[in-house]
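# Chain and residue survey
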Amino acid sequence: MKALVFHHQLAREAAAKIGGTIDRRSFVARFAPVSLDDIDEPQISGPGWVLCETVVSGFCGSDAKQILLNGSRDNPLTALLSFPHVLGHEAVGRRTDNGQRVVLNPWLSCAPRGIDPPCPACQMGRYPWCRNFTGGVIPPALHIGNCAGAAGAHAERFAAHEGQLFGVPDDVPDEVAVLADPVSVSLRTILLHPPEPGLPVLVYGSGTLAFAAVALVRHLYPDIEVWAVTRSGPRAAMAERMGAHAVLPSDPDALVAAVADRMGVRTLVPWSGREWLQDGPSVVYDTIGSIETVETSLRLLNTGGTLVVSGVEPPGRFEWTPLYFKELRVIGSNAFGIEEVRGVRKHAFEHYFDWVAEGLDLSPLVTHRFRLSEWDRALLTASQASKTGAIKVVLRP
Ligand SMILES: [Zn+2]
Ligand SMILES: [Zn+2]
């Protein structure tokens, strides 16, 4: 079958990286680490594993980062990957055993690995905290899409453990279902520190995670004011369409000034000229996670406020004095599992389908569609979002 394979070979990565500094197309050229290959059918790794026909797969920001080699060699998560692997972890498929249309929870935690009893994290339904990502019947990996033994969904078919497959209600279109993964990431981000009554929240970012966070806050906390920080133009329009009360500029100084203005407070002016606030949003949901967004969030947060970071950019130095001075909390946010919302505990995907039935509509976030064979165009479209307007790009085999 055809599948988009990432080969971890230094020569390929070096060639793509050198070429890529001149032309992004080097990352999709024949010698690049990623190629559309003809490979064997997906492995059925153990009892409970099911073969699925891919219906549609979502192109994730992390796929693009990996193909563009935009990570750092010292990333600790390299301990939990195996190569070569088929990319793709956001997927809607059709089970070949019973024909059911399903959405994939990609996490390769205890159950898919055949580990019984499961670790305490899996028993709680916190699959991304699983302690067995290197154990069991499949090679080391966090999730389908970075595992040498469990092919990802940018392929004609993929296999998964039945516990990873959630039935999609008949009236939910494929492209709404495929958003279950990123929407659930943002749900978790919000649940880690929900909005506080009477204070605004700020959402940083211009991608699926950011727009989903805006829409979820509006859906779950209708009394809360939501400010989006995103580029002007179509991105700002999308933030408003998803329910943002205001779209604020992404330039750090202009952003701090805009927040001060809306809060009706004066800024404090240090020697550096980088103004900051003691009164601001109670929480920032940062879907970018760059040194600029983290530093700026610390400047504008309310005293005692919380920054929840779901994005990951390469590390660097930033000014973190407000962290101690305002007794801020910084929380990392990683994926999803069984989540409690309004007193109900169930998998994030099941919550999402409930809210779709209540009218939550994120379908405008799917902006581009390609065939799997056009994966190179999909990548260039997704990675040049400011030019193409891409938010969620999807592939069909
Ligand atoms: Zn993803
Ligand atoms: Zn586990």
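This one's a predicted model, so the numbers in the text were calculated from it and none came from an experiment. (Residues numbered from 1 in each chain as written. Chains lettered and ligands numbered in written order. Predicted model: local features only at pLDDT ≥ 70, side-chain atom pairs only at ≥ 80, totals over all residues. Heavy atoms only, no water.)

## As for helix α6 (residues 208-220)
- Taking 1.5 Å per residue, 13 residues should reach 18 Å; α6 reaches 18 Å between its end C-alpha atoms and fits that length.
- Burial within α6 is extensive, with ten of its 13 residues counted as buried.
- Residues Thr208, Ala210, Phe211, Ala212, Ala213, Val214, Ala215, Leu216, Val217 and Leu220 constitute the buried set of α6. (Helix = DSSP H or I, 4+ residues; strand = E, 2+ residues; numbered from the N terminus. Expected span 1.5 Å × (residues − 1). Buried < 20%, exposed > 50% of the residue type's maximum accessible area, 1.4 Å probe, protein only.)

## Some details on the coordination of the zinc ion (ligand 2)
- Taken together, Cys110 (SG), Cys119 (SG), Cys122 (SG) and Cys130 (SG) make up the full set of protein donors to the zinc ion (ligand 2), lying 2.3 to 2.4 Å away.
- One way to put it: the four donor atoms around the zinc ion (ligand 2) meet at angles of 105 to 116°, and that makes the site tetrahedral.
- The sequence motif formed by the donor residues of the zinc ion (ligand 2) is C-x8-C-x2-C-x7-C. (Donors = N, O, S within 2.8 Å, 3.2 Å for Na, K, Ca; no water. Tetrahedral: all angles 85-135°; square planar, octahedral: opposite > 155°, others 65-115°.)

## Section: the sheet that holds strand β1 (residues 2-6)
- A sheet is described by the order of its strands in space; here three strands give the open sequence β2-β1-β4, paired in antiparallel fashion. The open sheet has two edge strands, β2 (34-38) and β4 (85-86), and neither has a second partner.
- Relative to β2, β1 runs antiparallel, the two sharing five bridges. Note on β2: the bridge partner recorded for Ala3 is Asp37. (Pairing = 2+ DSSP bridges.)

## Observations regarding the sheet that holds strand β14 (residues 329-332)
- Spatially, six strands are ordered β11-β10-β9-β12-β13-β14 in an open sheet, and the strand pairing comes out parallel. A strand with exactly one partner marks an edge of an open sheet, and here the two such strands are β11 (246-248) and β14. The sheet shows a mean angle of 20° between the axes of neighbouring strands, direction not considered.
- The pairing of strand β10 (residues 226-229) with β11 spans three bridges and is classified as parallel. Paired with Val229 across the strands is Leu248, a residue of β11.
- Strands β9 (201-204), β10 and β11 of the sheet are contacted by helix α8 (residues 252-263), whose axis makes an angle of about 145° with β11.
- The sheet contacts of helix α9 (residues 291-300) involve β9, β12 (283-286), β13 (306-309) and β14, and relative to β9 the element is tilted by about 170°. (Axes fitted to C-alpha atoms, helices over the stretch in contact; angles between N-to-C directions. Contact = heavy atoms within 4.5 Å.)

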